[in-house]
Amino acid sequence: AQTVTQSQPEMSVQEAETVTLSCTYDTSESDYYLFWYKQPPSRQMILVIRQEAYKQQNATENRFSVNFQKAAKSFSLKISDSQLGDAAMYFCAYRPQRGNQFYFGTGTSLTVIP
Amino acid sequence: EPEVTQTPSHQVTQMGQEVILRCVPISNHLYFYWYRQILGQKVEFLVSFYNNEISEKSEIFDDQFSVERPDGSNFTLKIRSTKLEDSAMYFCAPGRGRGTEAFFGQGTRLTVV
């Protein structure tokens, strides 16, 4: 069964600094997709970044980048130049290539300190 | 711009009552998903819907739940007889195909009293 683990329930970062959120997953599949979603206090789920498992290159979206280690089944999110608006819950999610559903981790609550 | 609009944003209902949560996609989507998030817990998969039928469902999605597209556009989740433990945020998430990201709506907060 696919499981997604986020071992950091809470993280904090100083404004303008860099923070890395951890995510590991368990799967026997070789092809799949990984995502990071952000959930601000409004509770809407916002896509931050996605990564295809067949791509070796790490995905990047502006200040957000991932460190995808397929062999280690690790998918961490790096937020550079943290801003106050980055404060939110961050969920790591896995989706198999042939399945329909997403598997979410338990989330990491990120606080940005001004 | 959001890919989907969910209504209502918040609904309070008495235990045992039926509720219908609505999802209106902005553009064409092939897949529709419902997820729920009990306060303080992770997001859980309920059901996926493709080509006007359920393609996958979780253990949570029991006989009390149903989904449909009554007019080919709106996508609804019905809970026939709500229980206290159904209180949660319910997210509709349309998608364009396998492997693509899901675009979550802003969610409906359901409170069962």
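Data block above holds the structure.
A few points on the structure. Because the structure is a prediction, the values reported are computed rather than measured.

### Examining the overall build of chain B
Right, so step 1: The helix and strand tally for chain B stands at zero helices and 10 strands.
Right, so step 2: The linear arrangement of helices and strands in chain B, starting from the amino end, is β-β-β-β-β-β-β-β-β-β.
Right, so step 3: Its C-alpha atoms give chain B a radius of gyration of 13 Å, within 12% of the compact-globule value 13 Å for 113 residues.
Right, so step 4: Along the three orthogonal principal directions, the C-alpha set of chain B runs to about 35 × 30 × 25 Å.
Right, so step 5: In chain B, which comprises 113 residues, the proportion classed as buried is 46%.
Right, so step 6: Restricting the contact set of chain B to residue pairs at least 6 apart, pairs at least 24 apart contribute 52%.

### Quick look at the pairing of strand E3 (residues 19-25) of chain B
Residues and elements named next belong to chain B.
Right, so step 1: Only one face of E3 is covered, namely the one carrying Val 19, Leu 21, Cys 23 and Pro 25; the face carrying Ile 20, Arg 22 and Val 24 has none of its residues buried.
Right, so step 2: As judged from the five bridges shared by E3 and strand E8 (residues 75-79), these two strands associate in the antiparallel manner. From the neighbouring strand, Arg 22 faces E8, where its bridge partner is Thr 76.

### A closer look at the sheet that holds strand E2 (residues 10-13) of chain B
Residue and element names in this part refer to chain B.
Right, so step 1: With mixed pairing, the six strands of this open sheet are ordered in space as E2-E10-E9-E4-E5-E6. Each of the sheet's edge strands pairs with one partner strand only, and the pair in question is E2 and strand E6 (53-57). The sheet shows a mean angle of 25 degrees between the axes of neighbouring strands, direction not considered.
Right, so step 2: Alignment of strand E4 (residues 31-37) against strand E9 (residues 88-95), held across seven bridges, turns out to be antiparallel. Looking at E9, one finds that Phe 32 is bridged to Pro 94.

### Thoughts on the state of the cysteines
Any covalent bond linking the sulfur atoms of two cysteines counts as a disulfide.
Right, so step 1: Evaluated as defined, the whole model comprises two disulfides over all chains.
Right, so step 2: In this model, Cys23(A) is linked to Cys92(A) through a disulfide, with the two sulfur atoms separated by 2.0 Å. Taking the sign of the torsion about the S-S bond as the criterion, the disulfide between Cys23(A) and Cys92(A), at about -70 degrees, is left-handed. Remark: Cys92(A) occurs in strand E10 (residues 88-96) and Cys23(A) occurs in the loop between strand E3 (19-21) and strand E4 (24-26); sequence separation between them is 69 residues. A single burial state applies to Cys23(A) and to Cys92(A), both of which are buried.
Right, so step 3: At a sulfur-sulfur separation of 1.9 Å, the disulfide partner of Cys23(B) is Cys92(B). Disulfide Cys23(B) to Cys92(B): torsion about the S-S bond roughly -55 degrees, handedness left-handed. Here Cys92(B) lies in strand E9 and Cys23(B) lies in strand E3, a separation of 69 residues in the sequence.

### Details of the environment of Ser73(B)
Residues and elements named next belong to chain B.
Right, so step 1: Along the chain, the position of Ser 73 falls in the loop between strand E7 (65-68) and E8.
Right, so step 2: Considered as a pair, Ser 73 and Val 4 are 69 residues apart in the sequence and their alpha carbons are 11 Å apart.
Right, so step 3: Setting aside residues no more than four positions away along its own chain, Ser 73 makes contact with Cys 23 and Pro 25.

### Quick word on the sheet that holds E7(B)
Two orientations exist for strands paired in a sheet by backbone hydrogen bonds: parallel and antiparallel.
All names here are of chain B.
Right, so step 1: Strand order in this open sheet of four strands is E1-E3-E8-E7, and the pairing throughout is antiparallel. For this open sheet the edge positions go to strand E1 (4-7) and E7, each flanked by a neighbour on one side alone. Taken over all neighbouring pairs, the strand axes of this sheet differ in orientation by 15 degrees on average, direction set aside.
Right, so step 2: Both E1 and E3 contribute to a ladder of four bridges, which runs antiparallel. By the bridge assignment for E3, Gln 6 is matched with Cys 23.

### Focus: the nonpolar core
All names here are of chain A.
Right, so step 1: The biggest cluster of nonpolar side chains holds 25 residues, and the ones touching the most others in it are Tyr 25, Trp 36, Phe 75, Leu 77 and Tyr 90.
Right, so step 2: Residue assignment for this core shows that the elements contributing at least two residues are E3, strand E5 (32-39), strand E6 (46-52), strand E8 (64-69), strand E9 (74-79), E10 and strand E12 (108-113).
Right, so step 3: If you tally residues by element for this core, the top one is E10, at four residues.
Right, so step 4: Look past the residues within four positions of Tyr 90 in its chain and what remains in contact with it is Gln 6, Leu 21, Trp 36, Tyr 37, Lys 38, Val 48, Phe 64, Leu 77, Ile 79, Gly 107, Thr 108 and Leu 110.

### Quick notes on the side chain of Gln39(A)
Right, so step 1: Take Gln39(A): it is sitting in strand E5.
Right, so step 2: Given the relative accessible area of 5%, Gln39(A) is considered buried.
Right, so step 3: Side-chain polar atoms of Gln39(A) contact the backbone oxygen of Arg43(A), separated by 3.0 Å.
Right, so step 4: Once residues within four sequence positions are removed from consideration, Gln39(A) is found in contact with Gln44(A), Met45(A), Ala88(A), Met89(A), Phe91(A), Gln37(B) and Phe91(B).

Conventions and cut-offs
- Residues numbered from 1 in each chain as written.
- Chains lettered and ligands numbered in written order.
- Predicted model: local features only at pLDDT ≥ 70, side-chain atom pairs only at ≥ 80, totals over all residues.
- Heavy atoms only, no water.
- Helix = DSSP H or I, 4+ residues; strand = E, 2+ residues; numbered from the N terminus.
- Rg over C-alpha atoms; globule rule 2.2 N^0.38 Å.
- Buried < 20%, exposed > 50% of the residue type's maximum accessible area, 1.4 Å probe, protein only.
- Contact = heavy atoms within 4.5 Å.
- Pairing = 2+ DSSP bridges.
- Axes fitted to C-alpha atoms, helices over the stretch in contact; angles between N-to-C directions.
- Disulfide = S-S within 2.5 Å.
- Core = buried A, V, L, I, M, F, W, Y, C linked by side-chain atoms within 4.5 Å.
- Polar contact = N/O pair within 3.5 Å; in protein donor to acceptor, adjacent residues only side chain to side chain.

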